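A structural walkthrough
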Amino acid sequence: MSSKELQANKMGVMPVGKLLANMALPVIISMFVQALYNVVDSIYVSQVSESAVTALSLAFPVQNVQVGFSVGIGVGINSLLSKKLGEGDREGANRAAGNGLVLMLISVSLFMIFGAFFTRPYFEIQSDVAETVEGGILYTRICTLLSIGMFVQIFAEKLLQSTGRTVYTMIIQGTGAITNIILDPIFIHGWLGLPAMGIAGAAVATVLGQAVGAGVGVYFALRHNPEVKITLESLVPHKPTMNAILAVGVPGIVMNCIGAVMNFGMNQILQGFAETATGVFGVYFKLQSFFFMPLFGINSAAISIIAYNYGAQRPDRIMHTVKLACGTALGIMAAGLVIFQLAPDLLLGMFNPSPMFLEIGRVALRTISWSFPAAAFGVVLGAVFQALGNGIYTTVVSLCRQLCVLLPVAYLLSLSGNIHLVWLSFLIAEVASAAVTVYYFRRIYKKKIKPMLA
């Protein structure tokens, strides 16, 4: 076997433990850097005002939907492309990449329309504080009208992940995130002779960082990914290919949209107590990303490995991947639980908190973090559903977690008048969704994995 063939087929021959580490670690590192950017961004914005922090919290659902579309389509590309490579179908792999790029560009157009026409009504129905509304509108318009960098960056990352070259994705995400971190204070506070732009500066730094990441990603995809070639022919819409991408990707998109609806709903519930509570909720999401983003890195690597070996009919490697991924994910989330329990004041202290902010946030972090271990299994088993073409299971689990259970329970607990009880809804929702996840995993194992063992 030549060195090129070995690289192309390492997902089928490399020891699973080494393969998962080889593919997941670069993604985990890059996502950790991305999480660091998210926190640093909010730290700088918190120095502007508490209303600016709240504006970012209210903008988060829109950003979550953006990420949902880009990553959802990206995962669909990743899954189909890995499967085609596992089957030895290079033409099908190229078509998956080309049609995936078309879907990404369509998504960019949709968000540009939202940014141009719908940001003001979106914020005005959530807050009547002028500083919060105007700051949120400015930030969101910049991030949506100039979102092409994010979509192209994630597209390039997924092409590289599908062939096992995750070290390049680490460089791509790291470059974009570090660019953001460097530019944030320059634009927000007006360093180097530039005017202070406040919250708009955070948005400008974000889109410039994404553009840099996209440029690096395109270079790596063209220069170092010989298994996949995007040609004019591959860009021609092909209904079966697009359907296959969307079959896996739409559940991921819907899942993130569900998350956006959950964030929107929780913001409305928390606004009933105080705008500060909404800010706390946004900061919690920034902090938890230190643990959830690496978890999604494991998820992404597992999807590629499982999809490849499903195409190659290797059930032993599929199950080995699932077990190792679950164990690693549990370790990461257990570390998150311990840190949130022992050091909430230290974490919140980075955001220039008022006494009220600190009081609400301390209880929020300690209460919500009890849901972390159950989330570890849910995310990893969700990768199995997506890799085996049953992304709808992931959607159902997400519906149970974030809409069918979380919001109703949060609302009912809010009727007590005690904001601290509202945070218990996260734990209740996670336990309920874990039960549904186990049920679906047993079902997909019997239908698709067990028959391969015969």
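Residues numbered from 1 in each chain as written. Predicted model: local features only at pLDDT ≥ 70, side-chain atom pairs only at ≥ 80, totals over all residues. Heavy atoms only, no water.

**A word on the overall build of the protein**
Selection criterion: Every helix listed is a DSSP run of H or I at least four residues long, and every strand listed is a run of E at least two residues long, numbered separately from the N terminus. When we talk radius of gyration, it's over C-alpha atoms, and the globule rule is simply 2.2 Å times the number of residues to the 0.38. Contacts are assigned to residue pairs with any non-hydrogen atoms lying within 4.5 Å of each other. Every accessible area reported is derived by Shrake-Rupley at a probe size of 1.4 Å, with residue values counting cover from the shown protein chains alone. Under the convention used here, Asp and Glu are negative, Lys and Arg are positive, and both His and the chain ends fall outside the count. The location of each charge is read from NZ of Lys, CZ of Arg, CG of Asp or CD of Glu.
Scanning the protein for helices and strands turns up 20 helices and zero strands. Taken over C-alpha atoms, the radius of gyration comes to 21 Å for the protein, in line with the 22 Å a tight globule of 454 residues would show. In terms of principal-axis extent, the alpha carbons of the protein reach across some 65 × 50 × 35 Å. Contacts spanning at least 24 positions in sequence make up 82% of the contacts within the protein whose residues lie at least 6 apart. Total accessible area on the protein is roughly 17500 Å²; 69% of this is exposed by carbon and sulfur atoms. Averaged over its 27 positive side-chain charges, the protein has a centre that lies 15 Å from the centre of its 19 negative ones.

**Describing the confidence of the model for the protein**
Atom-level detail of predicted coordinates should not be read off regions where pLDDT is low. For the record, the criterion: pLDDT gives the predictor's per-residue confidence on a scale running from 0 to 100.
Looking at the protein as a whole, the pLDDT averages 86, with 96% of positions reaching at least 70. Low pLDDT (under 50) marks residues 1-8, which in the prediction has ten contacts with non-local residues, meaning those over four places away or in another chain.

**Digging into the layout of surface pockets**
Our working rule: Think of a 1 Å grid over just the protein atoms. A cavity is a set of points where a 1.4 Å probe fits yet cannot get out, a pocket is an open set with protein on both sides within 12 Å along at least five of seven lines, and lining residues have an atom within 4 Å of a point. Grid points are joined across faces, edges and corners, and a volume is the space filled by probe spheres set on the points. All residues other than Ala, Val, Leu, Ile, Met, Phe, Trp, Tyr, Cys, Pro, Asp, Glu, Lys and Arg, Gly among them, are scored as polar; the first ten of these are nonpolar and the last four charged.
Approximately 230 Å³ is the volume attributed to the largest pocket. In this structure, the largest pocket is lined by 14 residues; those nearest its centre are Phe155, Leu159, Ala221, Leu222 and Ile230. Elements supplying a minimum of two residues to the lining of the largest pocket: α8 (148-162) and α10 (199-223). Taken together, the residues that form the lining of the largest pocket break down as eleven nonpolar, two polar and one charged.

**Focus on the pattern of salt bridges**
What counts, and what does not: Each reported salt bridge corresponds to a side-chain nitrogen of Lys or Arg within 4 Å of a carboxyl oxygen of Asp or Glu. Exposure is judged per residue with a 1.4 Å probe applied to protein chains only, and the accessible area is read against the type maximum: over 50% gives exposed, under 20% gives buried, and values in between give partly exposed.
Applying the stated criterion across every chain yields a total of seven salt bridges. The residue Asp89 makes a salt bridge to Lys84 at a minimum N-O spacing of 3.8 Å. Residue classification places Asp89 among the partly exposed residues on the basis of a relative accessible area of 28%. Among the salt bridges present, the one from Arg120 reaches Glu134, with a minimum N-O distance of 3.1 Å. Here Glu134 lies in helix α7 (residues 130-145) and Arg120 lies in helix α6 (residues 119-124), a separation of 14 residues in the sequence. For Glu134, a relative accessible area of 40% puts it in the partly exposed group.

**A closer look at a nonpolar patch on the surface**
To be explicit about the condition: Residues qualify for a patch when their relative accessible area is over 30% and they have no salt bridge, like charges being joined within 9 Å and the nonpolar side chains of Val, Leu, Ile, Met, Phe, Trp and Tyr within 5 Å.
Taken together, Ile106, Leu110, Ile113, Phe117 and Phe118 make up a surface patch of nonpolar side chains, about 520 Å² in accessible area. Within the fold, Phe117 resides in helix α5 (residues 90-117).

**Focus on the nonpolar core**
What counts, and what does not: Nonpolar cores were defined as sets of buried Ala, Val, Leu, Ile, Met, Phe, Trp, Tyr and Cys residues, with membership established by side-chain atoms within 4.5 Å.
Within the largest apolar cluster, 81 residues are counted, with the highest numbers of intra-cluster contacts made by Met266, Leu287 and Trp423. If we ignore the near neighbours within four places in the chain, the residues touching Trp423 are Leu270, Ala277, Phe281, Ile360, Val363, Ala364, Thr367 and Ile368.

**Notes on empty space enclosed by the protein**
Scanning all chains against the criterion turns up two cavities of 30 Å³ or more. The volume enclosed by the second largest cavity comes to roughly 70 Å³. In terms of lining, the second largest cavity is formed by Ser42, Val53, Leu56, Ser57, Phe60, Gly279, Gly282, Val283, Phe285 and Lys286. Elements with a minimum of two residues in the lining of the second largest cavity: α4 (50-87) and α13 (275-311). Sorting elements by how many residues they give to the lining of the second largest cavity places α13 first, with five residues. For the lining of the second largest cavity, the per-class residue count stands at five nonpolar, four polar and one charged.

**Description of helix α9 (residues 166-189)**
Defined as follows: Here the expected length of a helix is defined as 1.5 Å per residue gap, with one fewer gap than residues. The bend reported for a residue corresponds to the angle between axes fitted to the seven residues ending at that residue and the seven starting there.
A rise of 1.5 Å per residue sets the reference length of α9, with its 24 residues, at 34 Å; its end C-alpha atoms lie 35 Å apart and thus fit the reference within 8%. At Leu183, α9 shows its maximal kink, close to 35 degrees; a proline, Pro185, follows between one and four residues later. Gly190 occupies a position one or two residues after α9 and carries a positive phi of about 75 degrees.

**Considering the environment of Met350**
Structurally, Met350 can be placed in the loop between α15 (344-348) and α16 (355-368). When its relative accessible area of 36% is taken as the criterion, Met350 is described as partly exposed. When the C-alpha atoms of Met350 and Pro226 are compared, they prove to be 44 Å apart, with 124 residues separating the residues in sequence. Once residues lying within four places of it in the same chain are set aside, the contact partners of Met350 are Val39, Ile43, Ser46 and Leu287.

**Topic: the packing of aromatic side chains**
The condition that has to hold: Side-chain rings of Phe, Tyr and Trp, where Trp is taken by its six-membered ring, are said to pair if the distance between their centres is within 6.5 Å; with planes under 30 degrees apart they count as stacked, over 60 as edge-to-face, and otherwise as tilted.
Going through the model one piece at a time under the given rule, you end up with 23 aromatic pairs. Judged by centre distance (6.2 Å) and plane angle (70 degrees), the ring pair of Phe114 and Tyr122 falls under edge-to-face. With relative accessibility at 22%, the residue Phe114 sits in the partly exposed group. Ring geometry for Tyr439 versus Tyr440: centroids 5.4 Å apart, planes at 55 degrees, classification tilted. By relative accessible area, which is 49% here, Tyr439 ends up partly exposed.

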